[in-house]
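Chain by chain, the residues:
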Amino acid sequence: MEKTLLLIKPSAMQRGLIGEVISRLEKKGLRMAGMKMMMMSEDLIKEHYAHLLDKPFFPKIKNSMTATPLIACCIEGVGVVDVVRKLTGATNGREALPGTIRGDLSSSISENIVHTSDSLENAIIEVNRFFKAEEIFEYRQVAHSFIYAGDEV
Ligand code: ADP
């Protein structure tokens, strides 16, 4: 089934929002396939944010992402890349819609609580970037048949 990457950023770690973020994913019925706490290295930041390397705010991203360890989550579900992106909301927390993680929990464009993969193609690359194959777990949710109808899976 489809998988995506979600990073619980230092802004969430420092503000006591780890449980809040995970709770929203759980309540949506998504399956936690992998999870680990780690410090992002400079090389990993440059690779992960390669599309922003030439932006003037890149040093800000680096400082923000290395302020504390973060928690990397691999999340699984039907259409999960799009579902998690919608749950996340717009990049700028001040513009993200209420009801979204960023809209409810962030007032900043940089300290915006989570990273989430923005396409299926990037989700595959990003899950592989943060997780080894043996760190992704395949187990069946007991509530599976109450989360999805049979013809949706
Ligand atoms: P998203 O995280 O919504 O996919 P981007 O890939 O455009 O957005 O940006 C990656 C991260 O870089 C953002 O989540 C945010 O933390 C930071 N960022 C983006 N734009 C800015 C900005 N103008 N100033 C400071 N930080 C920014």
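Residues numbered from 1 in each chain as written. Predicted model: local features only at pLDDT ≥ 70, side-chain atom pairs only at ≥ 80, totals over all residues. Heavy atoms only, no water.

K.L.:
Can you walk me through the side chain of R31 in this structure?
P.N.:
Relative to the elements of secondary structure, R31 occurs in strand 2 (residues 31-38). A residue is classified by how much of its surface remains accessible, and R31, at 3% relative accessible area, is buried. At a separation of 2.9 Å, a polar atom in the side chain of R31 contacts the main-chain carbonyl oxygen of F137. Not counting residues up to four positions away in its chain, the partners in contact with R31 are K3, C74, I75, E76, F137, E138, Y139 and Q141. (Helix = DSSP H or I, 4+ residues; strand = E, 2+ residues; numbered from the N terminus. Buried < 20%, exposed > 50% of the residue type's maximum accessible area, 1.4 Å probe, protein only. Polar contact = N/O pair within 3.5 Å; in protein donor to acceptor, adjacent residues only side chain to side chain. Contact = heavy atoms within 4.5 Å.)

K.L.:
I keep staring at the site of the ligand and nothing clicks. Help me out?
P.N.:
Contacts to the ligand come from 13 residues, most closely from K9, H51, T91, R102 and N112. K9 places a polar side-chain atom, nitrogen or oxygen, 3.0 Å from an oxygen atom of the ligand. Take T91: an N or O atom from its side chain is 2.6 Å from an oxygen atom of the ligand. For the ligand, whose accessible area on its own is 540 Å², the fraction buried by protein is 82%. (Near = heavy atom within 4 Å. Areas by Shrake-Rupley, 256 points an atom, 1.4 Å probe, with all protein chains shown as cover.)

K.L.:
Just to check I follow, could you spell out helix 7 (residues 120-130) for this structure?
P.N.:
Because the α-helix completes a turn every 3.6 residues, residues three or four places apart line up on one side. Of the positions making up helix 7, those classed as buried are A123, E126, V127 and F130. Down the axis of helix 7, the buried side of the element spans an arc of 100°, and every buried residue falls inside it. Exposed residues lying more than 90 degrees from the buried face of helix 7 are E121, I124 and N128. Where helix 7 is buried, its residues contact strand 1 (3-8), strand 2, helix 3 (42-48), strand 3 (70-76), helix 5 (80-88) and strand 4 (114-116). (Arc of directions from axis to C-beta.)

K.L.:
Just to check I follow, could you spell out the nonpolar core for this structure?
P.N.:
Within soluble globular proteins, side chains that are nonpolar generally end up buried alongside one another. Counting 21 residues, the largest nonpolar core has L6, I8, V21, L25, L30, I75 and I113 as the members making the most contacts within it. The set of elements that each furnish at least two residues to this core consists of strand 1, helix 1 (10-14), helix 2 (18-28), strand 3, helix 5 and helix 6 (101-105). Here I75 is in contact with E2, K3, T4, L6, L25, L30, R31, M32 and V80, once residues within four sequence places are set aside. Core analysis: the next-biggest nonpolar cluster, separate from the first, contains 19 residues, L7, I45, M65 and L70 among them. (Core = buried A, V, L, I, M, F, W, Y, C linked by side-chain atoms within 4.5 Å.)

Don't take any of this as a statement about function, it's just geometry.
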